Every structure is written in structure tokens, then in C-alpha cells.
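# Observations on the model geometry
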Number of protein chains: 2
Amino acid sequence: MKDGLRPARTLRDERVTLAHGGGGRAMRDLVESVFTAAFEPPGMEDQARLTSAALAEPGARLAFTTDSFVVTPVEFPGGDIGKLAVCGTVNDLAVGGARPLWLSAAFIIEEGCEVALLRRIAATMRAEADRAGVRIVTGDTKVVQRGAADRVYVTTSGVGVIPPGREMAAGNVRPGDVALVNGVLGDHGAAILAARGDLALSTDLQSDCASLDRLIEATLAAAPGLRCARDATRGGIASALNEIAEASALSIELDETALPLRPEVKGMCEILGLDPLYLANEGTLVAFVPEDQADAALAAMRALPEGAGAVAIGRAQAGEPGRVTMRTAFGGRRIVDMLVGEQLPRIC
Amino acid sequence: MKDGLRPARTLRDERVTLAHGGGGRAMRDLVESVFTAAFEPPGMEDQARLTSAALAEPGARLAFTTDSFVVTPVEFPGGDIGKLAVCGTVNDLAVGGARPLWLSAAFIIEEGCEVALLRRIAATMRAEADRAGVRIVTGDTKVVQRGAADRVYVTTSGVGVIPPGREMAAGNVRPGDVALVNGVLGDHGAAILAARGDLALSTDLQSDCASLDRLIEATLAAAPGLRCARDATRGGIASALNEIAEASALSIELDETALPLRPEVKGMCEILGLDPLYLANEGTLVAFVPEDQADAALAAMRALPEGAGAVAIGRAQAGEPGRVTMRTAFGGRRIVDMLVGEQLPRIC
């Protein structure tokens, strides 16, 4: 390809201009020097063409998911918008029982965005994709004028394969099933809040942003009865549990004393009047397993770094379908409703 | 599902607020009443789980593509951002030889955006998806504050199946192959330019925005030697031809007198100093076929409404690899280079 031999002249000034969105040479310079350099060898075709033996297996299903990411700040302790996008899409596939295979990545870039920032984002995406064993195989860039976006937005879509016979769904949860989480709650929301700097909070908090595919496979191997899994992102663990309670027509009771919370997150929530149950997570798995497989599932989760803090936090029950409650530390019981609005805009 | 029985109370004011992006009940109201209502029956899972016999066929490959759309204005003569997104993704799949099956749709919405606009966009997306025989199976919404987007951006990804043995690629073009287009050039770019109203141009121009999957299948049936196809979008037909010339290491010579251009588009370009070869199209197919199949291909294209204006516009030649030239009406010859910057920002 001719372009491979030519330096990326249009990137000299290291700021993205509207010309980089025009479909011509400037755009190709940007795409090739920043994105395809990080993701895949440059190709001329607009679409990836892929084969996988797993897809051809009788009874296998294809899983397909998408998410846009608009987090601010774009870079934060524990990750950046690119890592968030890869983890988020890998996790959306994995919680449905799929083995993630391929990702797409589309960038909406504000005129004036630093090319160096885009390079860092592309590098973290590649690193996280490698970690999760997925390939970023196709992409797109658009540039909008100053003030029509906020630096960069990333939309990732993912394709994976659900092996034959695997059926994880919220509707499968049964009374008596135990709710597990893989570790502390609310770190992503709290880290983003602190990183915004508006609150003059000084913390060492990091986003929990992580791919959960390996953790889910390990849990499934140890607890094949695993009913369903959820990635407790926007809306926090409370929203994930409410969805599961609704889909299964059961109630879920949490034990407040069992909830794993960092003292810093607890403290920040108390000062700001936030509820950690609604704080966003980006590497927090909620899984329901039959009671007799709970110990095996916990042991399997704890054997991995991303599951080291795994604990049981509650249980599904018959009656009051769709309701989530919490047994408080003082022996009371309160309803954990679905969040109506939002606690923090642009958290992911 | 409890929510199915509840009116969408948070949408009373008919403007999107930041609360609609929070992951809680307000977001679900928006998603269910606007998007899942138009696309698919509401589901609780974050990912689509899909089966297709076509995928399991030995030798079949999966095609995967993505595009973000940031066009302004969001609604224009001949379509809107949603139709553009569906057609664009269907076309990206189809030009690679794939039969489009499934789409995802992710929306980045500016606070204050009218819910009625989103409903219209969702409706045109559904209508265009039905026309192209694809299903919109998964999606996402994010809301950003006023001034961090421009009403709404849409990112679609697509999955399709390339039948066994089908191999369309720019690298396959051979000397002597004929370049065909399905109709007039530049309508999308010209229509968007006129719709912006800055130029006080009054025209009846409509975007050519259309799905090309049926046209490509018909062309393939009539001309099985079809080497490659391109959807001449951003950067216009000039950019598409330059990419093909590079990938095939051939030159391409166009015949200016053969280029199908509406007088209005030609006139607008003359007044504004634009080159119609670089104007964006959203339903314009460029296909290369062996010379002895060109007539059959043209006849097949002309039998469909979206190919009614099909003509041959040029030819691939050995020598001068990567160069595109045009034999002008006056007998001269000029180079048709790849666009460097952009003619019109946010054209798609």
C-alpha cells in the first residue's frame, strides 16, 4: 500500500482537525498511524471477514452487544475510556455466557483533541483486548467541530460465541439461590467522582475497570448450575439486582453487613449523600448460583485476582416478585429500589 | 416485566434529561418507549443471542463492521441520521459480499434533545431495517450534557454472513475490468449542503441514502465474476476509486462524459467550487466487473429501482499503479487524487 511508505504528514501538529474526518488522505493518516497501528495490520476493506470453528459448532449461538462510552474525565485512576470500552463490551458478552471473540471500535472525536491522547487510548484498548483474548477487527472515526463532543467518545460492539447448551439468564434464578459478588462495590463511580476534582477529594481510589470473562468461565467450571451473571455498571448493584428480581419474578434480600465496601468509598458516600449500592462498577460481577454450589463458586472466584474479594451478599426468595430489600446492620429491612434518575452523569 | 405495565412517566416533558442516561428507571423508560418499542420486543439481557443456519455452513465467514454517524442536520431531504446509519452499515456488509443479518444501534444523546425526534429516528431505522431484511437486535443509550454533543449521534455495527466461496476484494481487480456505478453521483453531499441553509440554495435535491444489498446480490447473480464493490460515501467516488487503484496496484481511467451527474449538482459544484467526484454518496455502488460481464451486470442493475441509472464510468488498466485519472470532455487527462482534507464536515 502506498500509504504505508509515507509519513503521516497531516498529523504533524498533533491536534485533530476537521480534515481528519473527511474520508480522504488526512483521515487515513489518522486511522493508520493511531488506530490500525494499535489494533490490526492495516487493511483496505471496510469490514472484517472472520472465521471461527466455535461458530460452526451445532447448537452454538452468536452473542452480539454494543455500548457507547462518554466518561469524563477520559483518563482516570485505573483506566481510560478505551479500557472501559473494551472491558464493558467483553463483560456484556461474558455475562451472557459467551466467549468474546471480536470487537469493533468507533470514535467520535472533537476537533482539537490531542493525537497523543488517542494514541494512549488505542494502546490501552489493545492491551486490554490482548488480556481478554479478543481482537479489535474493525473501526471507524468521525470528527466533529469544537463544542460538538467532549474530546472523544468511543462505541464498541462485540461478537462472541455461546457454547452449545449454555443458558445463563436472569429468568433462571430460583428461590434459595445465593447472590455472589467478586469484590468491593462502587470503586469506579467513586474514583471517577474523585478524579473530576470538583470536590477537592484526595483519595487513592482506582476504578475497578476489568474484563470478567476469565472469572465467569472459572465460576462456571466450578459451579455449572450458575443461573445468571450481571456486570453491575451504570445504576450500580441495586439496578442489576432489580432487573434480576423482575426477570425471575422473585425477591432478593441483601445482607448489609456482607456488602464489601472500602472505607474510603463508604466515607465518600456518607459525606456526599450517595448510596454505594447505586455507584457504578466496571469490573463487578453479580452471579446467582444454587445454594449447594455457592462455596465452590466462591472458591473458584477467589483463586483469581479479579475475584479475590468474592463474597455472598444475599439470596433470592419466593414472594414479593421484583422486590429487592436489604437487611440492615441494625436489624431493620429497607427496600432497595431501582434508581430513578442518575447519581452521576457520564460515569461510563 | 413490571415496567411494561407502567406508563413512561419520566418522558412526560418530551425532552431528554441527564437522568435518562443514568442506568435507572428513567433510562429504561426512554429505551423501552422509544427504542425497543421500534426495534425488538423488550428484553432484559444486555446482549442479543442469535442463531443462523447460514453461519454454520462450511466455508461461510462472518462479516463485522461499524460506523458512527454525526450528520448535520439530523433530518434532511431523503432521510435522517437513523436511515443513514442503517443503510451505511448494511452497505458496508454488502460490499464485502456479506448478507446482512443483524445490527446494533448505540445512541449518544444531548441533554434537551426532543424525544419526538428520537422516535422519528427509531421509526426510520426500523423501516429501513425491514426493507433490507436485517434486525436491530441490541443497543445502548448515553446522555451527555448540553453542548457535549449535537442532538444525537448514532453508531451502528453490523454482522452478516459471506457465503462460502464468495471473495470480493479490491485486490481482485484486473486490467480491462469495467467500473460501474448504479446512478447519479453526489446527491447526498449536495442535499446535505443545501439542507444546512447557509447558502440560501433552493433545490429539490434528496440524499441518495439507500440500502444496496439487494442490488449487489442481483449484480452478483448476473455477473458472478464481480471483482469488488464499494459504497462511495465520505470522500466521494474519487476516494473509493483511489483505494481500489491502490489495493489492486492498477490505474483507473474515468470518462468524464460518462459520469452521471444531475444538472443541479453540477451547477451547485460550479458555484461553490466543489468537485462532484469528492461529494459524499450514501447509496452509490461502485463495482468492477470483467469486461465480458459488464453488459449483464448493467442490465441486472437497471432492473432494480436503485440501479435504474447504472452506467459504466471507466476502466482498470495496467501501469501507473494506484493512479486514478479522468479523460475530460475536452480530450485532456487529469489526475483524480485522493482528497486530502474534507470538503464538508459532518456529512455522514
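Residues numbered from 1 in each chain as written. Chains lettered and ligands numbered in written order. Predicted model: local features only at pLDDT ≥ 70, side-chain atom pairs only at ≥ 80, totals over all residues. Heavy atoms only, no water.

## Focus on the overall build of chain A
The line we're drawing: Only DSSP runs of H or I covering at least 4 residues are called helices, and only runs of E covering at least 2 are called strands; the numbering of each starts at the N terminus. Radius of gyration: over C-alpha atoms. The globule rule applied is 2.2 Å multiplied by the number of residues raised to the 0.38 power. Exposure categories follow from relative accessible area, calculated using a 1.4 Å probe and restricted to protein chains: below 20% of the type maximum is buried, above 50% is exposed, and the middle band is partly exposed.
On a plain count of helices and strands, chain A comes out with nine helices and 14 strands. Taken against the 2.2 N^0.38 rule, which gives 20 Å for 348 residues, the C-alpha radius of gyration of chain A at 21 Å falls within 12% of a compact globule. Principal-axis analysis of the C-alpha atoms places the extent of chain A at approximately 70 × 55 × 30 Å. When each of the 348 residues of chain A is scored for burial, the buried share is 61%.

## Side note on helix H5 (residues 187–196) of chain A
Given 3.6 residues per helical turn, the α-helix brings residues three or four places apart onto the same face. Residue and element names in this part refer to chain A. For clarity, the cut-off: Contact definition: two residues touch when any of their heavy atoms are within 4.5 Å.
In terms of burial, H5 is a largely internal element, eight of the 10 residues being buried. Buried within H5 are the following residues: Asp187, His188, Gly189, Ala190, Ala191, Ile192, Leu193 and Ala194. Close packing links the buried residues of H5 with strand E3 (75–76), helix H3 (81–94) and helix H8 (263–272). Immediately beyond the C-terminal end of H5, within one or two residues, lies Gly197, with a positive phi of roughly 80 degrees.

## Considering the sheet that holds strand E1 (residues 48–50) of chain A
Convention followed: Two strands pair if DSSP finds at least two bridges between them. To get an axis, a line is fitted to the C-alpha atoms, and for a helix only the part in contact is used. The angle between two axes follows their N-to-C directions and goes from 0 to 180 degrees.
Read from one edge of the open sheet, five strands run E1(A)-E2(B)-E7(B)-E5(B)-E6(B), paired in mixed fashion. On the outer flanks of this sheet lie E1 of chain A together with strand E6 (135–144) of chain B, each paired with one strand and no other. Looking at each pair of strands side by side, their axes are set apart by 15 degrees on average, direction ignored. Bridge count for E1(A) against strand E2 (residues 61–69) of chain B is three bridges, and the pairing is antiparallel. Residue pairing for E2(B): A:Leu50 is matched across the bridge by B:Leu62. Lying over the sheet, helix H3 (residues 81–94) of chain B contacts E2, strand E5 (99–110), E6 and strand E7 (152–162) of chain B, oriented at roughly 150 degrees with respect to E2(B).

## So, the UniProt feature "domain: PurM-like N-terminal" (unreviewed entry) in chain A
Let me state the cut-off plainly: UniProt positions are given in the numbering used here, feature names are shortened, and annotations may be inferred rather than shown by experiment.
Taken from the UniProt record, the annotation "domain: PurM-like N-terminal" (unreviewed entry) applies to residues 57–162 of chain A. End C-alpha atoms of residues 57–162 of chain A are separated by 10 Å, and the span's content is 30% helix alongside 43% strand.

## Section: the UniProt feature "domain: PurM-like C-terminal" (unreviewed entry) in chain A
UniProt annotation of "domain: PurM-like C-terminal" (unreviewed entry) refers to residues 174–325 of chain A when read in the numbering used here. Secondary structure within residues 174–325 of chain A divides into 34% helix and 18% strand; the distance between the first and last C-alpha atoms comes to 17 Å.

## Here we look at the side chain of A:Ser248
All names here are of chain A. This is how the line gets drawn: Polar contacts, as used here, are pairs of N or O atoms within 3.5 Å; protein pairs need one atom able to donate a hydrogen and one able to accept it. Residues neighboring in sequence count only if both atoms are side-chain atoms.
With respect to the helices and strands, Ser248 occurs in helix H7 (residues 236–248). Look at Ser248 and you get buried, because its relative accessible area is 12%. Side-chain polar atoms of Ser248 contact the backbone oxygen of Ile244, separated by 2.7 Å. In contact with Ser248, not counting residues within four places along its chain, are Ala170, Gly171 and Val173.

## Let's talk about the pattern of salt bridges
Residues and elements named next belong to chain A. Here is the rule we go by: Every case where a carboxyl oxygen of Asp or Glu lies within 4 Å of a side-chain nitrogen of Lys or Arg is listed as a salt bridge.
If you walk through the whole model with that rule in mind, you get 48 salt bridges over all chains. Its salt-bridge partner being Glu320, residue Arg333 comes within 3.0 Å of it at the nearest N-O pair. Within this pair, whereas Arg333 is found in strand E14 (residues 333–335), its partner Glu320 is found in the loop between strand E12 (311–317) and strand E13 (324–327), the two being separated by 13 residues in sequence. Taking the relative accessible area as the measure of exposure, Arg333 reaches 41% and is therefore partly exposed. One salt-bridge network, held together by shared partners, links Glu253, Glu320, Arg323, Arg327 and Arg333.

## Examining the relation of the copies chain A and chain B
Which entries qualify depends on this criterion: In superposing the copies, a least-squares fit is computed on C-alpha atoms, taking residues whose pLDDT is at least 70 in both.
Between the two copies, chain A and chain B, the superposition gives an RMSD of 0.0 Å; the rotation angle is 180 degrees and the shift along the axis is 0.0 Å. Both copies of the chain, as the preceding transformation shows, are related through a two-fold rotation axis. A shared binding surface is used by both copies, with 100% of the interface residues of chain A retained as interface residues in chain B.

## So, the interface of chain A and chain B
Spelled out, the test is: Buried area: the sum, over both parts, of the accessible surface (1.4 Å probe) that disappears when the two are put together. Each residue gets one of three labels, nonpolar for Ala, Val, Leu, Ile, Met, Phe, Trp, Tyr, Cys and Pro, charged for Asp, Glu, Lys and Arg, and polar for the others, Gly among them.
Taken together, the contact pairs 84 residues of chain A with 84 residues of chain B. Here chain A and chain B share an interface that buries about 6700 Å² over both sides, 54% of which is from carbon and sulfur atoms. Three residues, A:Arg49, A:Phe64 and A:Arg234, lead the burial of chain A against chain B; their summed loss comes to 12% of the area buried on that side. Here chain A and chain B share 10 salt bridges between them. For B:Asp140, the salt bridge goes to A:Arg234, with nearest N and O atoms at 3.1 Å. Applying the counting rule to chain A against chain B returns 30 residue pairs in polar contact (both at pLDDT 80 or more). In the side of chain A that touches chain B, the residues fall into 39 nonpolar, 24 polar and 21 charged.

## A short note on unusual backbone geometry
Of note, the bond from A:Thr72 into A:Pro73 is cis; its omega dihedral lies within 30 degrees of zero at 0 degrees. In this fold, A:Pro73 is placed in the loop between strand E2 (61–69) and E3. Here B:Ala249, not a glycine, exhibits a phi torsion of approximately 55 degrees, which is positive. On the basis of relative accessibility, which here comes to 45%, the residue B:Ala249 falls in the partly exposed class.

## A short note on the side chain of B:Thr65
The residue B:Thr65 is located in strand E2 in this model. For B:Thr65, the side chain forms a polar contact with the side chain of B:Asp92, separated by 3.4 Å. Contact partners of B:Thr65, with chain neighbours within four places excluded, come to A:Asp46, A:Gln47, A:Thr138, B:Thr89, B:Asp92, B:Leu93, B:Thr156, B:Ser157 and B:Gly158.

## Here we look at the packing of H3(A) against helix H4 (residues 115–132) of chain A
All names here are of chain A. As a reminder, the rule being used: Under this scheme an angle from 65 to 115 degrees is roughly perpendicular, one under 35 degrees roughly parallel, and one over 145 degrees roughly antiparallel; angles in between are oblique. Crossing chirality is assigned from the near helix's rotation relative to the far helix, an anticlockwise turn below a right angle marking it left-handed and a clockwise turn marking it right-handed.
In contact at an axis separation of 7 Å, H3 and H4 are set at 30 degrees when each is read in the N-to-C sense. When the axes of H3 and H4 are compared, the pair comes out roughly parallel. H4 is crossed by H3, and the crossing has right-handed handedness. Residues Ile81, Gly82, Lys83, Val86, Cys87 and Val90 of H3 lie in contact with H4, whose contacting residues are Ile121, Thr124, Met125, Glu128, Ala129, Arg131 and Ala132. Class assignment for the residues of the contact of H3 with H4 results in eight nonpolar, two polar and three charged.

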